[in-house]
Amino acid sequence: MKNLGKNLYSTLVKVTFILLIILFFLYPFRNLISLFEIRIEHIIYTSWTLLALITFGIIISIFNVKSKRLLVLPQISYYFFYQLIYPLVHKFFNSESKSYIKITNYLISFNNRITRKQLAKYDKKDILILLPHCLQYAQCPYKVTNDINNCHACGKCVIQDFRDIKTKTGIEVKIATGGTLARKIITELRPKIILAVACHRDLTEGIKDINKVPVIGILNTRPNGPCYNTSCDINEIKTIIKQIL
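Residue numbers here run from 1 along each chain, matching the order of that chain's written sequence. Local features are withheld for residues below a pLDDT of 70 in this predicted model, meaning they are given only at 70 or higher, and side-chain atom pairs are given and counted only at 80 or more; totals for whole chains, interfaces and linings count all residues. Each side-chain value is derived from all of the structure's non-hydrogen atoms; neither hydrogens nor water enter the calculation.

(A) How the structure looks around the overall build of the chain. Looking only at helices and strands, the chain has 9 helices and 4 strands in total. Starting at the N terminus, helices and strands are each numbered in turn, a helix being any DSSP run of H or I of at least four residues and a strand any DSSP run of E of at least two. When the elements of the chain are put in sequence order from the N terminus, they spell out α-α-α-α-α-β-α-β-α-β-α-β-α. Working definition: with a 1.4 Å probe on protein chains only, accessible area under 20% of the residue-type maximum means buried, over 50% means exposed, and in between means partly exposed. Counting every position in the chain, which comprises 245 residues, the buried fraction comes to 39%. The criterion used for residue contact is that any of the two residues' heavy atoms lie within 4.5 Å. Considering only residue pairs separated by 6 or more positions, the chain has 64% of its internal contacts joining residues 24 or more positions apart.

Spelled out as structure tokens, the structure:
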């Protein structure tokens, strides 16, 4: 039942586009086709009905974004934004363009609002903090990808703060060098909620791919440009942890 709304909406969207494609190619031959008792009008009516349902999904998505408490079929909203809107944005906009950043920032904000409305209390063993390797000081000689405890707490990056969080709370903190490693970590640890830090593109793609586990996304700051000596708001992380422990 959890993914019923998402799967239903996904099917409606696909069927609608298939019917529209069929209509496009068959309409010039509508007089001939009517001889076989197949009426183009039926395809038109069906397409309009499904388009109305898609519009209904859009309205639900807007409602879920604007509503402070009530959620209506949130999986439909996830599908609309992350399976329909985001692929188009990713295809037509450069990932460093202002338009891309603005739209993906909205998508991340939407995800966080929906996730926060459904937040429950979690045991520390069910929480995963997932970080990008670019948070580590670029000239650091100590590799923390395999084990964050390798951090020597020099204070030149925020890795020290996350190591302290792991020590004090027992929450698992992992650093990924890319999407493949991130998916492997999630598969192995099977967390019930993920606090993920990343840039706009990686965070949005991660939320899109990991649709079975709630994710709260925290954007990193990039004072030196992308993927180099980035940082993040450690206080925001601590606030979220207090809410879910």
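(B) Region of the structure containing the environment of Tyr-142. Looking at the element boundaries, Tyr-142 is found in the loop between strand 1 (127–132) and helix 6 (159–169). Put simply, Tyr-142 and His-152 are 10 residues apart on the chain and 7.7 Å apart in space, counted from C-alpha to C-alpha.

(C) Geometry of the nonpolar core. Within the largest apolar cluster, 27 residues are counted, with the highest numbers of intra-cluster contacts made by Ile-129, Leu-131, Ile-159, Phe-162, Leu-195, Val-197 and Ile-237. Secondary-structure elements contributing two or more residues to this core are strand 1, helix 6, strand 2 (172–176), strand 3 (193–198), strand 4 (215–219) and helix 9 (234–244). It is helix 9 that provides the largest number of residues to this core, a total of 5 residues. Side-chain atoms within 4.5 Å are what join buried Ala, Val, Leu, Ile, Met, Phe, Trp, Tyr and Cys residues into a set we call a nonpolar core. Core analysis: the second largest hydrophobic core is formed by 25 residues, Tyr-82, Val-89, Phe-110 and Val-215 among them.

(D) Inspection of the sheet that holds strand 3 at higher detail. The pairing criterion for strands is at least two bridges between them, as found by DSSP. Here we have 4 strands laid out as an open sheet, ordered 2-1-3-4, and parallel in their pairing. Across the chains shown, the open sheet's two edge strands, defined by having one partner strand only, are strand 2 and strand 4. Between one strand axis and the next, the sheet turns through 20° on average, direction left out of account. Taken together, the 5 bridges between strand 1 and strand 2 define a ladder with parallel strand orientation. From the neighbouring strand, Pro-132 faces strand 2, where its bridge partner is Ala-176. Helix axes use the C-alpha atoms of the stretch in contact, all axes being lines fitted to C-alpha atoms, and the angles between their N-to-C directions lie in the range 0 to 180 degrees. Running over the sheet, helix 8 (residues 200–209) touches strand 3 and strand 4 and is turned about 175° from strand 4.

(E) Spotlight on a nonpolar patch on the surface. Patch construction takes residues with relative accessible area above 30% that form no salt bridge. Like charges are linked within 9 Å, and nonpolar side chains (Val, Leu, Ile, Met, Phe, Trp, Tyr) are linked within 5 Å. Note on areas: Shrake-Rupley, 1.4 Å probe, and residue coverage restricted to the protein chains presented here. Think of a salt bridge as a Lys or Arg side-chain nitrogen and an Asp or Glu carboxyl oxygen that are within 4 Å of each other. Residues Phe-63, Val-72 and Leu-73 make up a contiguous nonpolar surface patch of roughly 230 Å² in combined accessible area. You can see Phe-63 is positioned in helix 3 (residues 40–66).

(F) Spatial organisation of the pattern of salt bridges. In this structure the tally under the stated criterion is 8 salt bridges. With a shortest N-O distance of 3.6 Å, Arg-183 and Asp-209 are connected by a salt bridge. With Arg-183 in helix 7 (residues 179–189) and Asp-209 in helix 8, the pair connects residues that are 26 residues apart, well separated along the chain. Two residues, Arg-201 and Asp-202, come together in a salt bridge whose shortest N-O distance is 3.5 Å. With relative accessibility at 34%, the residue Arg-201 sits in the partly exposed group. Connected via shared salt-bridge partners are Lys-125, Asp-126 and Lys-192.

(G) Structural view of the environment of Leu-130. Among the structural elements, Leu-130 can be located in strand 1. Remark: the alpha-carbon pair of Leu-130 and Ala-196, spanning 66 residues in sequence, is separated by 4.8 Å. For Leu-130, the residues in contact, after removing those within four places along its chain, are Lys-174, Ala-176, Ala-182, Ile-185, Ile-186, Ile-194, Leu-195, Ala-196 and Val-197.

(H) The pairing of strand 4, seen in detail. Most of strand 4 sits inside the fold, with 4 of its 5 residues counted as buried. In this sheet, strand 4 lies alongside strand 3 in parallel orientation, the contact comprising 5 bridges. Pairing of Val-197 across the sheet is with Ile-218, part of strand 4. The crossover handedness rule: strands pointing away from the viewer, path from first strand over the helix to second strand clockwise, crossover right-handed. On the question of chirality, the crossover connecting strand 3 to the parallel strand 4 by way of helix 8 is right-handed.

(I) Here's a closer look at helix 6. Among the residues of helix 6, Ile-159, Phe-162, Ile-165 and Lys-166 are the ones counted as buried. The buried residues of helix 6 occupy one face: seen down the axis, they fall within an arc of 115°. Facing away from the buried side of helix 6 by over 90 degrees, the exposed positions are Thr-167 and Lys-168. Here the buried face of helix 6 lies against strand 1, strand 2, strand 3 and helix 9. At the C-terminal side of helix 6, Gly-170 shows a positive phi close to 85°. Directions from the helix axis toward the C-beta atoms define the arc.

Keep in mind that these numbers describe shape and distance, not what the molecule does.
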